[in-house]
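Here is what each chain is made of, one letter per residue.
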Amino acid sequence: MAEGAWEKLSQVAVLEAEYDSPERQPHPKCLKGTRVNLLEFIHGLLNKREKSQMIWLHGTAGVGKSAVAFTVAEMMKSLKVRKDTKIETRLAGTFFFSRKHTKCSTTGHFFATLACQLANNFPSAKNHVNEAIREIPAVLDSRKSLRDQMEALFRRPLRHLQSRLRECLPPVFVVDALDECKPETVADLISLLGEALRDPDLPVFHILLTSRLEARIRQAIQKEEMGALVYEIPVNTAGEGVAGTISLDGEDVDNDIYIFLQHSFTELRSRRPDFPQLSTDKLTRLANRAGRRFIVASTMTKFVDDGYNDPRDRLELMLELTNELLPGTEVYKLYDYILATCSDPNRAYQHLSVVAALADPLPISQISKLLGPGQGSDVATALMQLRSFMDIPVDSSQPVNIYHSSIRDYVSDFSSCGLPGVQSITAPHSLLAHSSFRLMIDEIPQSTDLLDAFSALMEHNQAVQSYDPMSLQQSLAFVVEPPEPMHALMGLLWLRGARGSGLRSWLETLDGRAWLQTQSGEDYLRTQKGEDWLQTRGGGHWLQTYGGDTWLQTERGRGWLQSGRGWQWTRIRRQFAGDPDEQMPLETWDWRDSLETINGQGWLETESGREWLLTQTGGEWLQTKTGGEWLEESGYRADAGKSGSRPRADRCGWNRPRGVGGGWRPRGDVSGYGAKTWKSGL
């Protein structure tokens, strides 16, 4: 039973969120000799045994938060909680949030992931984790309340470790990039972690938390009840035995970036002996242009050493580009310069935005297939020019990944890019929605998995820009009900011009019917595809609705009525079949039988009936025995007691010319019927 519980926990734990997961390679890490003061300061805080603390390390994008988090996690992994243990290390668990992977961007399995690592590190906690899962199996469901998950999977096993860890250095949890977690549960997570840190029944433990300085995170951490628990970095260390300010972008960072660049280019020279050794002046200039942001320095080295171009030429180009960068210039400016070196900068920008927008990364071949023959034809060529932005594995079956979240920020807002013309590029979420559904319609069989996929897609709708596309609000003016995901995507494709038979069922939805009453809908009904649809079960059913009836009164609708077949299925069926809600295909319903009823023959005297009698189908009916009898009777019988009244057939547009031996023909132009005289059939 216990093994079953452990297996279930192992299945839901997010392995990609562990600090050393292969999915996160290349792992960010502080080079030896860099971040010395910061790492020593954090290490000192983590050694304090007096009380549990949250050490909040924050900074702007690209200053090296994840590298510090990884290095601290690795350091704690190398230290034992006590001398007499061979297994138990000070690293109790890690969760590195990332929007690269869907499961790494939510708190749904946050505590399950930590519980799995905690029990692996402290075997005595495993039984307590299993007991909690056996008692409340639903605690492993991501939809279970975060509080219930924390109590069962986090506080409970830690509570049973209190006596064992009483004389030990505190265990450490490392949580990186909280800003990459979906925002709706961030405040709750911080509050619950605070409760655990205050719990006197738990052993002393520490949490290293890194994030950007975002308002929602700052507000949650700076609440009164969190105040005594949080140690914030950057911090002014005057009077604490350390001079100056400890931060991610202090004065010492310029030297750290110099060391990083020197190390990167030395490593390149070991592989390419013809690569020049940079002078101190050039290294200093590059380090200075990085503006104390490691992501800028890292992008510089990746641009030079992209494995595709001659690094000597790329170095000269980078030195030329950085001449135009002012020290501390925003990283987006460097991204602009690099994109400008591509053969088609706007196309490169679009493909970069697609890679960054994917909820889960894909290989180049699959991205190309997803975008289709048009948009995806040059994906490989464009992405190969963007190796400084993303990791492109040698194995083409492996997914491509952007190196840093600042790249996603850069392409998610057109205003961040200084290249001319990018505002006219289709936004990535719109392009992916269209491409994904087109591919599913073409290749994926009907499955309940489709609806699950659409539901997951809806969770990402906050990423779509409000102005994407500009005409969306006007295009969807006909919407009359909150769209169900599948219908919404079908409607999107339909509006973009995809009118295949696989999408026609959308016309049977409330929104589809409303669209048929728009000018675009009327234009569609004038096409051959539109007329073909009117012959289908769905088209016939629509013609029985108020919208269809209204359309039948239009000039186009009346013209369609006279074409015969569709009109037979709807007007005759609707007026006197007696069951207008039942859908019966023309092939199985004998409409001629209805014309033998009293209501049917009465309808033939209406304006619509007379119009129908002038069609070829009406003429064919008049050649039947029933039609001939009706017409013969109508021709001889005048309305009783009314002088001057005309025979019914005459009123219906037919006469019986003298000397034509009982034949009937329509009055007026009969050229459309080959001047044919219909016989009564008697």
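Description of the structure in this document. Numbering of residues starts from 1 in each chain and follows the order in which that chain's sequence is written. Confidence filtering applies because this is a predicted model: local features only for residues at pLDDT of at least 70, side-chain atom pairs given and counted only at 80 or more, and all residues used for totals across whole chains, interfaces and linings. Each side-chain value is worked out from all heavy atoms of the structure, with water and hydrogens disregarded.

1. Here we look at the pairing of strand S4 (residues 206–211)
For step 1, the next point in the chain: Burial analysis of S4 places six of its six residues in the buried class, the great majority of the element.
For step 2, the next point in the chain: Classification of residues uses two cut-offs on accessible area relative to the type maximum, computed with a 1.4 Å probe and protein chains only: under 20% is buried, over 50% is exposed, and between them is partly exposed. Helix and strand definitions follow DSSP, with helices as H or I runs of at least four residues and strands as E runs of at least two, each counted in order from the N terminus. Burial along S4 is two-sided: the face carrying His206, Leu208 and Thr210 and the face carrying Ile207, Leu209 and Ser211 are both buried.
For step 3, the next point in the chain: Where strand S1 (residues 53–58) lies against S4, six bridges are found, and the strand directions are parallel. Considered in S4, the bridge of Leu57 is made with Thr210.
For step 4, the next point in the chain: Pairing geometry for strand S3 (residues 172–176) and S4, over four bridges, is parallel. From the neighbouring strand, Val172 faces S4, where its bridge partner is His206.
For step 5, the next point in the chain: A crossover links S3 with its parallel partner S4, the connecting element being helix H7 (residues 186–198), and its sense is right-handed. When DSSP finds two or more bridges between two strands, those strands count as paired. Consider the strands pointing away from the viewer: the crossover is right-handed when the path from the first strand over the helix to the second runs clockwise.

2. A short note on a negative patch on the surface
For step 1, the next point in the chain: What makes a patch is a set of residues exposed beyond 30% relative accessible area and free of salt bridges, joined within 9 Å when like-charged and within 5 Å when nonpolar (Val, Leu, Ile, Met, Phe, Trp, Tyr). Computed by Shrake-Rupley with a 1.4 Å probe, the accessible areas treat only the displayed protein chains as cover when residues are assessed. The salt bridge definition used is simple: a Lys or Arg side-chain nitrogen within 4 Å of an Asp or Glu carboxyl oxygen. Asp and Glu count as negative and Lys and Arg as positive, but His and the ends of the chain are not part of the count. Where a charge sits is defined by one atom per residue type, namely NZ (Lys), CZ (Arg), CG (Asp) or CD (Glu). A grouping of Asp313, Glu316, Glu320 and Glu324 is seen on the molecular surface, where their side chains present a negatively charged patch.
For step 2, the next point in the chain: Along the polypeptide, Asp313 turns up in helix H12 (residues 311–323).

3. Quick look at the pattern of salt bridges
For step 1, the next point in the chain: For the coordinates displayed, the defined rule picks out 27 salt bridges.
For step 2, the next point in the chain: Linking Lys144 and Asp148 is a salt bridge whose minimum nitrogen-to-oxygen distance equals 3.7 Å.
For step 3, the next point in the chain: The class of Lys144 is partly exposed, set by a relative accessible area of 28%.
For step 4, the next point in the chain: Residue classification places Asp148 among the partly exposed positions, given a relative accessible area of 36%.
For step 5, the next point in the chain: For Glu195, the salt bridge is made with Arg147, and the minimal N-O distance between the two is 2.8 Å.

4. Quick look at the packing of aromatic side chains
For step 1, the next point in the chain: Each aromatic pair joins two rings of Phe, Tyr and Trp (for Trp, the six-membered one) with centres within 6.5 Å, and gets the label stacked for planes under 30 degrees apart, edge-to-face for over 60, and tilted for any other angle. Throughout the structure, instances matching the rule amount to 25 aromatic pairs.
For step 2, the next point in the chain: Relative to Tyr524, the ring of Trp515 lies with its centre 5.9 Å away and its plane at 50°, an arrangement referred to as tilted.
For step 3, the next point in the chain: Taking the relative accessible area as the measure of exposure, Trp515 reaches 3% and is therefore buried.
For step 4, the next point in the chain: A network of ring pairs unites the aromatic residues Phe95, Phe97, Phe110, Phe111, Phe154, Phe173 and Phe205 as a single cluster.
For step 5, the next point in the chain: Charge over a ring is defined by NZ of Lys or CZ of Arg lying within 6 Å of the ring centre and within 35 degrees of the ring normal. The ring of Trp6 has Lys126 lying over it, and the distance from NZ or CZ to the ring centre is 4.5 Å.
For step 6, the next point in the chain: Across from the ring centre of Tyr403, 4.3 Å away, lies the NZ or CZ of Lys302, which sits over that ring.

5. Quick word on unusual backbone geometry
Residues other than glycine predominantly adopt negative phi, and peptide bonds predominantly adopt the trans conformation.
For step 1, the next point in the chain: Cis geometry is adopted by the peptide bond preceding Pro26, which originates at Gln25 and carries an omega value of -5°.
For step 2, the next point in the chain: Tracing the backbone shows Pro26 in the loop between helix H1 (2–12) and helix H2 (36–46).
For step 3, the next point in the chain: The phi dihedral of Ala177 falls on the positive side, at around 60°, and the residue is not glycine.
For step 4, the next point in the chain: Mapped onto the fold, Ala177 is located in the loop between S3 and H7.
For step 5, the next point in the chain: Accessibility expressed as a relative area gives 10% for Ala177, which makes it buried.
For step 6, the next point in the chain: One non-glycine residue, Arg292, lies in positive phi territory at about 65°.
For step 7, the next point in the chain: In this structure, Arg292 sits in the loop between helix H10 (280–289) and helix H11 (294–304).

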